[in-house]
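Observations on the model geometry
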Amino acid sequence: VALYNKNVEVGEGANGWADLLIKLANGRTQREKNADIISVKDFGAKGDGVTDDTQAFKDANAAATAKKQRLHIPFGEYLIPKLLPLTCSVYGDGKILGELRIDANNVTIKDITIDAQNKNTPLNLMGVKNVRVENVTAYNATFGGIRLDACSDCLVIENHIYDIKNVFGDGI
């Protein structure tokens, strides 16, 4: 195959197949760019609202933390039956059915929805520093929407919290 476009090159693909790779303006290929994104789907998450996606989230979180990358949660409903600790930044348009706890400093949680499924608190930040929570929707909880306990330098902006059922808790 003769290629005349300087932005397209042939690279070695899986199983001996040759892949056409788009070269970006900065010299990187599309495959290299795609490797920058760590998605829970790449680790087996189904996002069907029925399958327990906990292990996929744990594995994806470990990979994102090790590579110092953000974890992408694509569209879908991800069942997480027990409180799940995360140690990396999280973004996407997916919905978590369960509770999350942020266990790392200097991370951002952005654009996700968390349905606590009538458990305590959708999003928990305890003893962390420099965490940003932005445009998160948290609801269907029995205690609070976003819990901050012994945190410092955290920014919580433009979030949506509703359907908190217990008088002992509140939105934040």
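All of the points below concern the structure found in this document. (Residues numbered from 1 in each chain as written. Predicted model: local features only at pLDDT ≥ 70, side-chain atom pairs only at ≥ 80, totals over all residues. Heavy atoms only, no water.)

1. Looking at the environment of K165
Rules: By the criteria applied, helices consist of DSSP H or I runs no shorter than four residues and strands consist of E runs no shorter than two, each listed in order from the N terminus. What qualifies as a polar contact is a pair of N or O atoms within 3.5 Å, subject to a donor-acceptor requirement within protein and to the restriction that residues adjacent in sequence count only when both atoms come from side chains.
With respect to the secondary-structure elements, K165 resides in the segment after β16 (160–164). Separated by 26 residues in the primary sequence, K165 and Y139 place their C-alpha atoms 9.5 Å from one another. At 3.2 Å, the side chain of K165 forms a polar contact with the side chain of D163.

2. What about the packing of aromatic side chains?
Definition in use: Geometry of aromatic contacts follows a simple scheme: Phe, Tyr and Trp rings, the Trp one being its six-membered ring, pair when their centres are within 6.5 Å, and the pair is stacked under 30 degrees between planes, edge-to-face over 60, tilted otherwise. Exposed residues in this analysis have more than 50% of their type's maximum accessible area, buried residues have under 20%, and partly exposed residues fall in between, with area computed by a 1.4 Å probe over protein chains only. Lysine and arginine charges are scored as sitting over a ring when NZ or CZ, respectively, is within 6 Å of the ring centre and within 35 degrees of the ring normal.
Across all of its chains, the model carries two aromatic pairs by this definition. Measuring from centroid to centroid gives 5.5 Å for F57 and Y78, while their planes differ by 65°, and the two rings are edge-to-face. Of this pair, F57 sits in helix α2 (residues 54–67) while Y78 is found in strand β6 (residues 77–86), placing the two residues 21 residues apart along the sequence. Its relative accessible area of 0% is what places Y78 among the buried residues. A centroid spacing of 4.8 Å and a plane angle of 5° characterise the contact between Y139 and Y162, whose relative ring orientation is stacked. Residue Y139 is located in strand β13 (residues 137–141), and its partner Y162 is located in strand β16; the two are separated by 23 residues in the primary sequence. With relative accessibility at 43%, the residue Y162 sits in the partly exposed group. Sitting over the ring of Y91, R70 keeps its end group 3.9 Å from the ring centre.

3. Re the pattern of salt bridges
Let me state the cut-off plainly: When a carboxyl oxygen of Asp or Glu is within 4 Å of a side-chain nitrogen of Lys or Arg, the pair counts as a salt bridge.
For the coordinates displayed, the defined rule picks out five salt bridges. The closest approach of N and O atoms between R101 and D103, which form a salt bridge, is 2.8 Å. In this structure R101 comes out as partly exposed when scored by relative accessible area, which is 25%. Here R147 makes a salt bridge to D149, at a shortest N to O gap of 3.1 Å. Of the residues examined, D149 reaches a relative accessible area of 33% and is grouped as partly exposed.

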